[in-house]
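Inside the fold
Here is how the chains run, residue by residue.
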Amino acid sequence: MPSRRRFRRRWLWWPLVAVLLVAGAALLHTAWPFLTYPRETLTFQVPDPRPPEPLNQAVAGVAEVDITPAIGLPKFGYSAWAADGDGFRTRLKARAFYLHGPGGTPLALVQLDLGAGSLPLHYAVAQRIAATTDVPAHGLSLLVTHTHSGPAQYLGSDFYNVFGGNRPGFDPALFDFLANRIAEAVSRAYRDRRPARLAVGERDVWGLTRNRSPQAWARNHGIDPARVDGNLAKRAVNPRMTMLRLDLQADDGRFYPAGALTLFSIHGTAIPAFTGPYHADVWHWLARGPGAALERPLPWPFVHGAVQATHADNNPAWHPDHRGDREARRIGTALGAQAADLFQSLEGELAPRLVTAAASRQLDLLDLPEEQRHGLCERAVVGAATAGAANGDEVFPVSYLPYLQEGWPRRWFTDGCQGVKQWMLSKGQLLLSPEAFPHRALFQVMRVNDLVVVPLPWEVTLESGNRIRGAVLDSLPAGRPWRVEISSLANGFLGYAVTPEEYGAQYYEGGHTLYGPHTVDFLAAQSAGLAGDLGRRGEVDDLPAESRFSLLRHRYWPRTDADRTWARQWRQGARYHAAEGEKEAYWAWRFQGEPPGALDLSAPLLRVRGNDDRTPVADDQGGDLALRLIDQDDQGALYEVRWYRPPPAAPGSLELEVLAGDRAPSLTSPAFP
């Protein structure tokens, strides 16, 4: 009997040992980059830009630059559930809008197909454009789409460079690539500036978005959770699509459409986790809408940039079990049609009036006097619900475990600043320095006539946006028809911003609100104060003379021999794959060519053309010609090209061309189909 009891006692110890081993492994995995990775120090001293030219009329310019990075980089947005970028389905873009009104501050509003803004990236771009434009750092704003299928590793904090993507570390090569390409877009927009006419309008778009956490939203309005259903989820959204339309004067003296900047609230999550190719998600097709609808020829390429408004709890309304490329196209195309209609409706409202003004203020959340905190917690803490993932992105079994599951607020010991939040790793988080979390925030208020854009480096929920917007409106001078739009995740990433009521539910959004339940109170007060200062002073430049960032570093950008050239040859001819389930029909080819480090994905690469007359049929800007890496070795790499949704064609009438690169020749396929 004694030996049997000893055996039972030993058996009871094994589960505890297993739990401790798992916890220790998780802690070691979390701490490993902080213990072993070297640091990269970035220092920025932004010089004064060119003096603004004296104006007696409105001028504007637009430009588009490809920012699709190299194959092999970690991707941002789905954290550990993401995959390395193995090619592209749609291109990632930077679209710059230069705006300058007489006597005003020159502005550069830049739309980026990226998961989040980055404060060091903002400074790097401002530094690069100072010699080529008159845009000051406080007049530059980096606005994003929040696609979850773009690169990671360029952000301004160790926390998100380590945990925001599927692999940890800041990549200097990616950072420099993005900074150079974005600066090029701004410089082009400035260089191509012309006399302008502008119009601002809006419309409501319903049915294409839904609230992914309606139970948390319902707490704002005292709605019984039993009444929350799919219909309510589709009503609990920000339906407003706001557009700034730009027409420019051509050499013939006439004004033609040149571009538009649109704000809308929708998460870039129609493309799910675990997918490989870079993808702009619904935003790719939304961006194409107005330009595709224009009937008359233009003297320049049309540029439409669409960016986030208050999207944090607003997801694409994909059909259940149909998430993926088809749903991204369906939803994005429908949004693009709405944007095209809105663009056309502004034709009669175009006017030469342009007032531009900018207010920028950088705050360190770890070094604020108490009267400026408005209840903001003294340091960031990530909640356990963050690991459980947002509604629609659950991963079995993690998302269904008690404590990690949504809707598990703390019941006891709730008197601390973080209130009901369940701490991930409990007090183990205190082992991370507060400086490892994002803590420097760039607040901005950008005025374009009566449109006031408030870029914030947080993911702002629907109701949070309403409260911030109301505070800003109250601070603006009376007597004008102001339109105030909050733009999430601009210029940085400091987590989510939910209302205190939503925070109490501890859904994903509440767990990811790093600085506690009064974050929105802080954002509303700071944004309103900045807007008021702009109204009184006409311009606010409260940016530091020097900014320094020390970030854990790891290189993912692929290396290659800079002097070597590569041959290309076909490994597999055209093969047709019929549509199956959620998979679209496509033609596929395989070719051997240069390794990823020698293949520039930001340059045009693929096109289908007529076999006889060389007439273009499709190119890799439209979203149907895609490239993926299959394998690589010392002799190069094997790639697959896919042409999705191919139209009917006569036998032997088409050919695929892989365009020449800097170190590899062009390659043309045998005729097909």
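In the block above lies the structure referred to throughout.
Now for a quick tour of the structure. (Residues numbered from 1 in each chain as written. Predicted model: local features only at pLDDT ≥ 70, side-chain atom pairs only at ≥ 80, totals over all residues. Heavy atoms only, no water.)

The next point concerns unusual backbone geometry. With an omega dihedral of 0°, the bond running from F672 to P673 counts as a cis peptide bond. Its place among the elements puts P673 in the segment after β30 (667–668). For D281, which is not glycine, the phi torsion reads 65° and is therefore positive. Tracing the backbone through its elements, the reader meets D281 in the loop between β12 (255–264) and α7 (282–293). Residue classification places D281 among the buried positions, given a relative accessible area of 0%. (Helix = DSSP H or I, 4+ residues; strand = E, 2+ residues; numbered from the N terminus. Buried < 20%, exposed > 50% of the residue type's maximum accessible area, 1.4 Å probe, protein only.)

So, on to the sheet that holds strand β7 (residues 140–144). Taken in spatial order, the 8 strands make up an open sheet running β7-β6-β5-β2-β9-β11-β12-β13, and their pairing is mixed. Two strands lie at the open edges of the sheet, namely β7 and β13 (303–308), each paired on one side alone. Mean inter-strand twist for the sheet, computed between neighbouring axes without regard to direction, equals 25°. Those strands touched by helix α8 (residues 325–345) are β9 (194–204), β11 (240–249), β12 and β13, and its axis lies near 55° from that of β11. (Pairing = 2+ DSSP bridges. Axes fitted to C-alpha atoms, helices over the stretch in contact; angles between N-to-C directions. Contact = heavy atoms within 4.5 Å.)

Okay, the packing of aromatic side chains next. In this structure the tally under the stated criterion is 25 aromatic pairs. Judged by centre distance (5.1 Å) and plane angle (45°), the rings of F177 and W557 are tilted. Of this pair, F177 sits in helix α4 (residues 172–191) while W557 sits in the loop between β22 (547–552) and β23 (569–577), and the two are 380 residues apart along the sequence. Here F177 matches W557 in class, with each residue buried. An aromatic cluster is defined as three or more aromatic residues linked by ring pairs; in this entry it consists of F34, F76, F159, Y160, F163, F437 and F493. R245 extends its terminal NZ or CZ atom over the ring of F343, reaching a point 3.9 Å from the ring centre. In this arrangement the basic side chain of K427 is found over the ring face of W423, its NZ or CZ atom lying 4.2 Å from the centre. (Phe/Tyr/Trp six-rings, centres within 6.5 Å; stacked < 30°, edge-to-face > 60°. Lys NZ or Arg CZ within 6 Å of the ring centre and 35° of its normal.)

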